[in-house]
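# Inside the fold
One letter stands for each residue in the lines below.
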Amino acid sequence: MYKNDAVSGGLEAGDNGYANEMMFRRVPPLPIIVNTGPTETGKGDSCFQKKWSRTSKVSFFVVIALFCKILIIVGVLFSAAGREGKQSNTMNGSSCKTCPSGWNLIRSNCYYFSSISETWESSKELCAERNGILVVIKDESEMSSLWPTIKQGAYWIGLRRDPKDTTMWVWTDGSPLTYSVWNKDEPNNQDSEHCAEVWGEFQAWNDQPCQRKLNYICKGVWNC
């Protein structure tokens, strides 16, 4: 019994030693598993990058569109300035070679023959709005140059009686009357006829009440 107990005790002792040895033996480190697949964070970054890329493209095209619009606006402004400069140079030369739209070029001067009828005073104001004056005719050569356009019509001219002395006639530019081509027995001042018209049918002037409505002739005041 003693022997067996000794053997049994040895086994127990041996078992304890083996257990102790196993406890102090170095345990190899556990392998680190790396997931190389896409993570949720990776997916978010990818989506953010895609959105940023699309936003960048949109911003780029917006900038290009605005730049093109600016170029168009600048081009239009320069074009308008060029036309105005060209017209200004034409009208400030020694003689007119062209006139504004609707005006007639006659002997290096610009004239506007209206197609509507107005009173003498309204005609004067409308000529001023067109950068002109109700026509002042100072000599026979100018009058003769206008008859082909006047034809059989009747037009107001810039001549009226002086309000201070109705026996005197003055032009709208303030100059006195030194040349005239009145019709026979005119001006007769019948019915307070204080304003003058050119009468194409007789190629002569006639006095008329200023409130009467007639077509009118403007002359450009710019220097050509």
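Use the structure listed above.
Since this is a predicted model, take the numbers as computed values, not measurements.

## A look at the environment of Asp173
Within the secondary structure, Asp173 is located in the loop between strand 5 (165-171) and strand 6 (195-199). C-alpha of Asp173 to C-alpha of Leu134: the two residues are 39 residues apart in sequence and 9.0 Å apart in space. Setting aside residues up to four positions removed in sequence, Asp173 forms contacts with Val136 and Lys138.

## As for the nonpolar core
Formed by 21 residues in total, the largest nonpolar core has its most connected members in Ile137, Met143, Ile150, Ile157, Val198 and Trp205. When residues of this core are traced back to their parent elements, those giving at least two are strand 2 (109-113), helix 4 (140-150), strand 4 (154-162), strand 5 and strand 6. A total of four residues in this core trace back to one element, the largest contributor, which is helix 4. Setting aside anything within four residues of it in sequence, one finds Ile157 in contact with Trp120, Leu134, Val135, Ile137, Trp171, Ala196, Glu197, Val198 and Trp205. One finds Cys110, Cys195, Cys210 and Cys218 within the second-largest nonpolar core, a separate group that totals 15 residues.

## Details of the packing of aromatic side chains
Centre distance and the angle of the planes are the two values used to describe a pair of aromatic rings. Following the criterion strictly, the structure yields eight aromatic pairs and no others. For the pair Tyr112 and Tyr216, a centre-to-centre distance of 6.4 Å together with 40° between the ring planes defines the contact as tilted. Here the residue Tyr112 occupies a position in strand 2, and Tyr216 occupies one in strand 8 (residues 215-220), the gap between them amounting to 104 residues. Considered together, Tyr112 and Tyr216 belong to a single accessibility category, that of buried residues. Ring geometry for Trp199 versus Phe202: centroids 4.8 Å apart, planes at 70°, classification edge-to-face. Accessibility expressed as a relative area gives 25% for Trp199, which makes it partly exposed. Linked through ring pairs, Trp169, Trp171, Tyr179, Trp182 and Trp205 together constitute an aromatic cluster. Seen from the ring of Tyr112, Arg130 lies directly overhead, with NZ or CZ sitting 3.9 Å from the centre.

Conventions used here
- Residues numbered from 1 in each chain as written.
- Predicted model: local features only at pLDDT ≥ 70, side-chain atom pairs only at ≥ 80, totals over all residues.
- Heavy atoms only, no water.
- Helix = DSSP H or I, 4+ residues; strand = E, 2+ residues; numbered from the N terminus.
- Contact = heavy atoms within 4.5 Å.
- Core = buried A, V, L, I, M, F, W, Y, C linked by side-chain atoms within 4.5 Å.
- Buried < 20%, exposed > 50% of the residue type's maximum accessible area, 1.4 Å probe, protein only.
- Phe/Tyr/Trp six-rings, centres within 6.5 Å; stacked < 30°, edge-to-face > 60°.
- Lys NZ or Arg CZ within 6 Å of the ring centre and 35° of its normal.

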